[in-house]
Amino acid sequence: MGLMDGKVVVITGAGGGIGRAEALLFAQEGARVVVNDLGVDRDGTGRSASPADRVVEEIRGLGGEAVANHDSVTTAEGAQAIVAAAVEAFGRIDTWINNAGILRDRTLLKLAEADWDAVLEVHLKGTFLCTQAAARQMIRQGEGGRIVNTTSISGMLGNFGQANYAAAKAGIYGLTRTAGIELQKHRITVNALAPIARTRMTEDLPMFHNNSSLTPEHVAPAALFLGSPLCGERTGYVLAVAGARMYAYKVVETEGKFKDNNQPWTAQEIADHWESIVRVRG
Ligand code: NAI
């Protein structure tokens, strides 16, 4: 018995890296998998059918069921075509993983508008369009569903040289929280993953040299958990994984401080009471 027996999973950008590891694990757990990938280079240029096709072959070679899809997540037509491919091949969608991504790192002062747009388009707009298309299909089915988005430490905490990517990933956090609230009544959970793994996206960063435990295979079980019945009713969480470490990101609202007479604060008072305004208790 597999955790995902009888279930259908769509994974965007599953032709390599983290998405591929997720696709293999879901298939191993009995899911029928739609492997979506546009087959672009790390910066979003180019296009190839082979990454998605290769992962489908791998899954079939291991006795699993999968089909490839080569549409882009960046247009409503593309998102709809991925839904249609899943419904045509397997009749339904139970879990949707928004994983597709590109990188165009520049510091803020050097960031070209085109590099801002391209990164926001794939990560944030792609996640919006796919979440909307997937949720509509899940609501038509009437049995709930699970959506797993992919954010990043960059989006949650910020990172030098990644203004576009961090903004997109922080946007995915906000989208995840709001979609989680709105789709609760349809029994659709929406959570996000914040992975760290050595892939073509990160292999030139020093932290990944000589670190054999930061693999996509360490990340995949977190996606499986959030995309499986084991997730239960949990929604709006950001589950983070880096090698053997499993943790979570939470936005913290401090208790703050009330001004005695209910009057507006002055700027000087804010300066004077800064520590008690921002202090996290406990
Ligand atoms: P990757 O580059 O190996 O995988 C991304 C895949 O998305 C590629 O196969 C690419 O062809 C596909 N893709 C790009 N644009 C697409 C589009 N418009 N439509 C469909 N597919 C498209 O990179 P990796 O590392 O596996 O990244 C997967 C996700 O994890 C991304 O969202 C990334 O931002 C996120 N992430 C990765 C981290 C890491 O440490 N590797 C850290 C934090 C987040």
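About the thresholds
Residues numbered from 1 in each chain as written. Predicted model: local features only at pLDDT ≥ 70, side-chain atom pairs only at ≥ 80, totals over all residues. Heavy atoms only, no water. Phe/Tyr/Trp six-rings, centres within 6.5 Å; stacked < 30°, edge-to-face > 60°. Lys NZ or Arg CZ within 6 Å of the ring centre and 35° of its normal. Domains from an automatic or database assignment. Salt bridge = Lys/Arg side-chain N within 4 Å of Asp/Glu carboxyl O. Helix = DSSP H or I, 4+ residues; strand = E, 2+ residues; numbered from the N terminus. Buried < 20%, exposed > 50% of the residue type's maximum accessible area, 1.4 Å probe, protein only.

Undergrad: Teacher, can you tell me more about the packing of aromatic side chains here?
TA: To describe a pair of aromatic rings, you give the distance between the ring centres and the angle between the ring planes. Scanning the model with the defined rule gives one aromatic pair in all. Ring centres 5.8 Å apart and planes at 65° place the aromatic pair Tyr247 and Tyr249 in the edge-to-face group. One cation-aromatic arrangement involves Arg245 over Tyr247; the distance from NZ or CZ to the ring centre is 3.7 Å.

Undergrad: Would you explain the domain arrangement of the protein chain in this entry?
TA: Much of the literature gives interface size as the accessible area that the parts lose upon coming together. Split by domain assignment, the protein chain resolves into domain 1 (8–251) and domain 2 (253–282). Computed from C-alpha coordinates alone, the two centres of domain 1 and domain 2 are separated by 39 Å.

Undergrad: Is there a simple way to think about the pattern of salt bridges in this case?
TA: Pairing between side chains of opposite charge can happen when their charged atoms approach one another. Tallying each qualifying case throughout the model produces nine salt bridges. A salt bridge links Arg20 to Glu217; its shortest N-O distance comes to 3.9 Å. Linking Arg20 in helix α1 (residues 17–28) with Glu217 in helix α7 (residues 216–226), this pair joins segments that are 197 residues apart in sequence. Among the residues examined, Arg20 registers a relative accessible area of 26% and is labelled partly exposed. On the basis of relative accessible area, Glu217 is assigned to the partly exposed category, the value being 47%. Of the charged contacts, one joins Lys259 and Glu269 as a salt bridge, the two residues approaching to 2.8 Å between their closest N and O atoms. Taken together, the residues span a long stretch of sequence, with Lys259 in the loop between β8 (245–249) and α8 (267–272) and Glu269 in helix α8 at a distance of 10 residues.

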